[in-house]
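# Understanding the architecture of this molecule
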Amino acid sequence: MSTGVRRLGADRYTAAVAEPDGVTTSVHRLRTSDRAQVTGVLRRPAGARTVVTLMHPRQDVTHHALVPYLLAAGLAVWTQGSRSPNNDLNLIHEQAVIDFAAGQVFLRDFGFESVVSLGHSGGGTLGAFYLQQAALPPGARLSRTPSGRPVPLAETEMPLPSGFVALAPHPGQGALLRRVIDPSVTDEADPLSRDPGLDAFDPANGFTEAPESAHYSPDFVEAYRAAQHDRMARIDALAAELVTTRRRADAAFKGSGEAADRRAALTPALITVYRTDADLRNVDLSLDRNKRPYGSLFGRRPDLTNHGLVGFGRLSTAEAWMSTWSATTTNADFLRCAAGITVPTLLLEFTGDQASFPADIAAFAAAIPAEDLSVGAVDGTHFGDRLAQDEPTGNELAAARIVAWAAERF
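As the structure is a prediction and not an experimental result, all values here were calculated from the model.

## What about the overall build of the protein chain?
- Each helix and strand counted, the protein chain has eleven helices and twelve strands in total.
- Against the 2.2 N^0.38 benchmark of 22 Å for 410 residues, the protein chain shows a C-alpha radius of gyration of 22 Å, consistent with a compact globule.
- In terms of its C-alpha atoms, the protein chain occupies a principal-axis envelope of roughly 65 × 60 × 40 Å.
- Residue burial in the protein chain is summarised as follows: out of 410 residues, 54% are buried.
- Partitioning the contacts of the protein chain with sequence separation of at least 6, the portion at a separation of at least 24 is 75%.
- With an accessible surface of roughly 16600 Å², the protein chain has 52% of that area assigned to carbon and sulfur atoms.

## Re the sheet that holds strand E6 (residues 76-80)
- Reading across from one edge, E3-E4-E6-E5-E7-E8-E11-E12 is the order of the eight strands in this open sheet, with mixed pairing throughout. Where the open sheet ends on each side, the last strands, each with one partner, are strand E3 (23-31) and strand E12 (373-378). Between one strand axis and the next, the sheet turns through 20° on average, direction left out of account.
- Sheet topology note: the strand E7 (residues 114-120)/strand E8 (residues 163-167) ladder contains five bridges and is parallel.

## Notes on the confidence of the model for the protein chain
- Of all residues in the protein chain, 95% have pLDDT values of 70 or greater, and the mean over the chain is 93.
- The low-confidence segment residues 1-18 (pLDDT under 50) makes 51 contacts with residues lying over four places distant or belonging to another chain.

## Re the pattern of salt bridges
- Inspection of every chain in the model, using the stated rule, returns 22 salt bridges.
- The salt bridge partner of Arg83 is Asp34, with a shortest N-O separation of 3.0 Å. Note that Arg83 is positioned in the loop between E6 and helix H2 (93-110) and Asp34 in the loop between E3 and strand E4 (37-45), a separation of 49 residues in sequence.
- For Arg83, a relative accessible area of 25% corresponds to the partly exposed category.
- Overall, the relative accessible area of 27% leaves Asp34 in the partly exposed class.
- One salt bridge in this structure joins Lys291 and Asp379, with 3.1 Å as the shortest N-O distance. Note that Lys291 is positioned in the loop between strand E9 (270-272) and helix H7 (302-305) and Asp379 in the loop between E12 and helix H11 (394-409), a separation of 88 residues in sequence.

## A look at unusual backbone geometry
- Here Ala210 and Pro211 are connected by a cis peptide whose omega angle stands at 5°.
- Inspection of the secondary structure puts Pro211 in the loop between helix H4 (173-180) and helix H5 (218-256).
- A positive phi angle is found at Asp288, which is not glycine, with a value near 45°.

## Quick notes on the side chain of His93
- When you line up the elements, His93 lands in helix H2.
- Excluding residues that lie within four positions of it along the chain, His93 makes contacts with Pro57, Leu126, Phe129, Gln173, Ser323, Thr324 and Ala332.

## Observations regarding the packing of aromatic side chains
- Applying the stated criterion across every chain yields a total of eleven aromatic pairs.
- On the basis of an interplanar angle of 15° and a centroid distance of 5.3 Å, the ring pair of Phe110 and Phe112 is categorised as stacked.
- The buried category is assigned to Phe112, whose relative accessible area is 9%.
- Seen from the ring of Phe253, Arg262 lies directly overhead, with NZ or CZ sitting 5.4 Å from the centre.

## Notes on the pairing of E4
- Two elements, E3 and E4, share nine bridges in a ladder whose sense is antiparallel. Each residue of the ladder has a partner; that of Arg29, found in E4, is Thr39.
- Pairing between E4 and E6: four bridges, direction antiparallel. Note that in E6 the partner of Leu42 across the bridge is Trp78.

## Remarks on the side chain of Ser82
- In this structure, Ser82 sits in the loop between E6 and H2.
- Ser82 gets classed as buried once you look at its relative accessible area, which sits at 5%.
- Beyond its immediate chain neighbours, meaning those up to four positions away, Ser82 contacts Val38, Met55, His56, Pro57 and Asp99.

About the thresholds
Residues numbered from 1 in each chain as written. Predicted model: local features only at pLDDT ≥ 70, side-chain atom pairs only at ≥ 80, totals over all residues. Heavy atoms only, no water. Helix = DSSP H or I, 4+ residues; strand = E, 2+ residues; numbered from the N terminus. Rg over C-alpha atoms; globule rule 2.2 N^0.38 Å. Buried < 20%, exposed > 50% of the residue type's maximum accessible area, 1.4 Å probe, protein only. Contact = heavy atoms within 4.5 Å. Areas by Shrake-Rupley, 256 points an atom, 1.4 Å probe, with all protein chains shown as cover. Pairing = 2+ DSSP bridges. Axes fitted to C-alpha atoms, helices over the stretch in contact; angles between N-to-C directions. pLDDT = per-residue confidence, 0-100. Salt bridge = Lys/Arg side-chain N within 4 Å of Asp/Glu carboxyl O. Phe/Tyr/Trp six-rings, centres within 6.5 Å; stacked < 30°, edge-to-face > 60°. Lys NZ or Arg CZ within 6 Å of the ring centre and 35° of its normal.

Here's what the structure looks like:
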């Protein structure tokens, strides 16, 4: 017996489950349509005719906790990275879709009868984005990123998977960041700058430390969320300005041939975003109520982790901001992509999720036009941890639902 250990998110979400014997494992390096290289791991029980794919735009899912459960059920599993796993400094979602396509082509050519795409968290939005683009005629697909960089989606072979599982999908990294960004930052160059009237972690505004839930007034919630939109808009404007500056430098180089212009065109325009762990719902459990515990994806003390190094969208190029982290310019938005999901789909919620809430799942379900759509929920936190001691983990419960759903169809 071998051991599969999933490390996705914080250490407390680590899980270890034995994989069954008799599984053939192989590593494959693939070339994408734009000549990038991506790597995937194929685990195949003897005789498996259905393969479940796992991919996330910015995380290594090789040892995702669901893998051993799927293998034990006789399903093959393909885990794949993007061209820049565990490094989202320059994560361009349109390129990640091309990476996704390379895996789909490989698995189809390998000979599997059915290919089921499983997207967990941000992998759900990536899957929805891929399905939307793959369903379009090649000439109708995106030809450029939000910053204007050409992308060859029209020239990319994009097979539709046989089915799609969206597990705890959040609304997309841009929409997610808009929920968690701290609007009390008054100076983007000063990580300690603060508007006290917008500070979610000030007791004067309703904050209470764990484990007691905070309580924010409706007026504060409204002002806070409006200020979050405003801060995102300011960063959007900065990103657009930085992209325009690089374009001008590139145009100047094409005219002058001067090394100085070329250096200006090549110099990355980086955006640093401080304090991005400040979703009111992570400390006020009455907002968008579900079974989630106090705390965020990054820890039990958002009032502290909000000031730490780890967080969403903390450092990126201007192009990556526009493609991934901007709620307004990104194309990778689950709700907007949902209209393109027509294959059999399972939309599965964790009841204690700290990033995807019941209203999100309801909105996604209403927007997906697939005739074969199943919507369900199992107990667990966003990364599949158990809600209470001695209960099954969310990953165990999710795996059982996924296996049963797939067995009925493939």
